[in-house]
Amino acid sequence: MTSSHTDCHFCLQSLRGRKYALREENAYCVPCYDSLYANPCEECKQPIECNSKDLAYKGRHWHEGCFRCAKCSRSLVEKPFAAKDEVLLCTECYSDEYSSKCFHCQKTIMPGSRKMEFKGSSWHESCFVCQYCRQPLGTKPLITKNNENYCVPCFEKQFAHHCYACKKVITSGGVTYHDQPWHEECFVCAGCKTQLSGQRFISKDEYPYCVDCFGRFYAKKCAACKKPITALGGAKYISFEESQWHGECFNCAKCSVSLVGQEFLTRQNDILCHECGSA
């Protein structure tokens, strides 16, 4: 360019009719300006003269023609690129060399796109979805089954056991009764509501009862001691006509000898051994 500046600020040569460059309001002839201020090109190491385009990236400079992919040599001017160990690469070459493959679709995760990582594998954000509802999982809680990922609601809907009593999900432990799952805290006596997990119980009409409640509601009463006969654990009991006895209660009403397996006689509501009954 030409202007009213008369002399080069460095060599003091006249600038009349000559091109010059301005720096901090001082004018320099082109040779002086290039020798003083031109940036060296990262590729060819030659100065980037003031009449050349200077492309800069992270404090480094290139001629326009030198700004190329280090692998395929294609120009990177006005194109996306990536840097690896200070080497510039086009996105295709960078992907071939360094980009992760998506665990789901096995395609390259391109530089600049969002990548999800889970259990040591990488995923496209659009591929990292619930196997059932297909909604993005992002950073939401998830559960993996057979190498497939599920959001918690879908996993519970598809695979979790639901308590027979309260219908809520059983997340751990639980009790199985009549082929149905129960929470331990929901598996209670149908009578007194006492928890039965780990306790002895008796089933009646598909409902569990503790021994006391079953005896109170359903068990026959021993004709001798008047306590319930539950037969729990294989205990023996004797039945005669409309009456029942615990095995240990089936004794002669007079001499108290056991009548289990013996002949006996009845007198009103009592049972007697043969000797006491004949006396």
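Residues numbered from 1 in each chain as written. Predicted model: local features only at pLDDT ≥ 70, side-chain atom pairs only at ≥ 80, totals over all residues. Heavy atoms only, no water.

A.B. asks: Explain the overall build of the protein chain to me, please; I cannot follow it from the model alone.
C.D. replies: A tally of helices and strands in the protein chain yields five helices and 20 strands. Here the C-alpha atoms of the protein chain give a radius of gyration of 47 Å, more than 25% beyond the 19 Å that 2.2 N^0.38 yields for 279 residues. Among the 279 residues that make up the protein chain, the fraction classed as buried is 31%. Within the protein chain, counting contacts between residues at least 6 apart in sequence, those at least 24 apart form 10% of the total. Of the accessible surface of the protein chain, which amounts to about 18,800 Å², a share of 46% is contributed by carbon and sulfur atoms. Counting 35 positive and 31 negative side-chain charges, the protein chain places the centres of these two groups 3 Å from one another. (Helix = DSSP H or I, 4+ residues; strand = E, 2+ residues; numbered from the N terminus. Rg over C-alpha atoms; globule rule 2.2 N^0.38 Å. Buried < 20%, exposed > 50% of the residue type's maximum accessible area, 1.4 Å probe, protein only. Contact = heavy atoms within 4.5 Å. Areas by Shrake-Rupley, 256 points an atom, 1.4 Å probe, with all protein chains shown as cover. Lys, Arg positive; Asp, Glu negative; His and termini not counted. Charge placed at Lys NZ, Arg CZ, Asp CG, Glu CD.)

A.B. asks: Which parts of the structure should I look at to understand the pairing of strand β20 (residues 270-273)?
C.D. replies: Regular strands show a simple pattern: their side chains alternate between the two faces of the sheet. Judged from the four bridges that link them, strand β19 (residues 264-267) and β20 form a sheet pairing that is antiparallel. Directly across from T266, in β20, lies its bridge partner I271. With antiparallel pairing between neighbouring strands as the criterion, β19 and β20 make up a hairpin whose turn holds two residues, including Q268 at a positive phi of roughly 55°. (Pairing = 2+ DSSP bridges.)

A.B. asks: Which parts of the structure should I look at to understand the UniProt feature "domain: LIM zinc-binding" (unreviewed entry) in the protein chain?
C.D. replies: The UniProt record annotates "domain: LIM zinc-binding" (unreviewed entry) at residues 39-99, 100-161 and 220-279. The annotated region residues 39-99 carries 13% helix and 26% strand content, and the separation between its end C-alpha atoms amounts to 32 Å. (UniProt positions renumbered as here; feature names shortened; annotations may be inferred.)

A.B. asks: Please explain the pairing of strand β17 (residues 237-240) as it appears in this structure.
C.D. replies: Pairing of β17 with strand β18 (residues 243-246) involves four bridges; the strand directions are antiparallel. Within the sheet, the bridge partner assigned to I238 lies in β18 and is W245. The turn linking β17 back onto β18 is made up of two residues, and E241 within it adopts a positive phi angle of 55°.

A.B. asks: How should unusual backbone geometry be read in this particular structure?
C.D. replies: The phi angle of most residues is negative, glycine excepted, and most peptide bonds adopt the trans form. A positive phi angle, near 70°, is found at K45, a position not held by glycine. Checked against the element boundaries, K45 lands in the loop between α1 (30-37) and β3 (54-57). Positive phi values are uncommon outside glycine, yet E78 reaches one of about 60°. Structurally, E78 can be placed in the loop between β4 (60-63) and β5 (81-84). A residue is classified by how much of its surface remains accessible, and E78, at 78% relative accessible area, is exposed.

A.B. asks: Is there a simple way to explain the pattern of salt bridges in this structure?
C.D. replies: For side chains of opposite charge, pairing can occur when their charged atoms come near one another. Using the criterion set out here, one finds five salt bridges in the structure. Salt-bridge contacts for R114 lead to E125; the nearest nitrogen and oxygen are separated by 3.0 Å. In this pair, R114 sits in the loop between α2 (91-98) and β7 (115-118) while E125 sits in the loop between β8 (121-124) and β9 (142-145), placing the two residues 11 residues apart along the sequence. On the accessibility criterion, R114 (53% relative accessible area) is exposed. When its relative accessible area of 36% is taken as the criterion, E125 is described as partly exposed. (Salt bridge = Lys/Arg side-chain N within 4 Å of Asp/Glu carboxyl O.)

A.B. asks: Explanation requested: the domain arrangement of the protein chain in the structure shown.
C.D. replies: The domains assigned to the protein chain are domain 1 (38-96), domain 2 (97-158), domain 3 (161-217) and domain 4 (221-278). Each of domain 2 and domain 3 has a C-alpha centre, and these two points are 40 Å apart. (Domains from an automatic or database assignment.)

A.B. asks: Which parts of the structure should I look at to understand the confidence of the model for the protein chain?
C.D. replies: Detailed reading of the predicted model is not advised wherever pLDDT is low. In the predicted model, the protein chain carries a mean pLDDT of 84, and 95% of its residues have values of at least 70. The weakest mean pLDDT in the protein chain belongs to strand β16 (residues 228-229) at 76; the strongest belongs to β4 at 93. (pLDDT = per-residue confidence, 0-100.)

A.B. asks: When you look at the packing of aromatic side chains in this model, what are you seeing that I'm missing?
C.D. replies: The relative placement of two aromatic rings is captured by the distance of their centres and the angle of their planes. The tally for this structure, following the rule as stated, stands at 19 aromatic pairs. For the pair F67 and F81, a centre-to-centre distance of 5.4 Å together with 85° between the ring planes defines the contact as edge-to-face. In this pair, F67 sits in the loop between β4 and β5 while F81 sits in strand β5, placing the two residues 14 residues apart along the sequence. Their ring planes at 65° and their centres at 5.9 Å tell us that Y177 and W182 sit as a pair that is edge-to-face. Of the residues examined, W182 reaches a relative accessible area of 6% and is grouped as buried. Members of the aromatic cluster, each reached through a chain of ring pairs, are Y164, Y177, W182, F187 and F201. One residue, R23, lies across the ring of Y37, its end atom 4.1 Å from the ring centre. Against the face of Y164 rests K167, its NZ or CZ located 4.9 Å from the ring centre. (Phe/Tyr/Trp six-rings, centres within 6.5 Å; stacked < 30°, edge-to-face > 60°. Lys NZ or Arg CZ within 6 Å of the ring centre and 35° of its normal.)

A.B. asks: Explain the environment of H124 here, please?
C.D. replies: Examined against the element boundaries, H124 turns out to sit in strand β8. Remark: the alpha-carbon pair of H124 and C102, spanning 22 residues in sequence, is separated by 5.9 Å. Apart from residues no more than four positions distant in its own chain, H124 is found in contact with C102, C105, K107, T108, I109 and R114.

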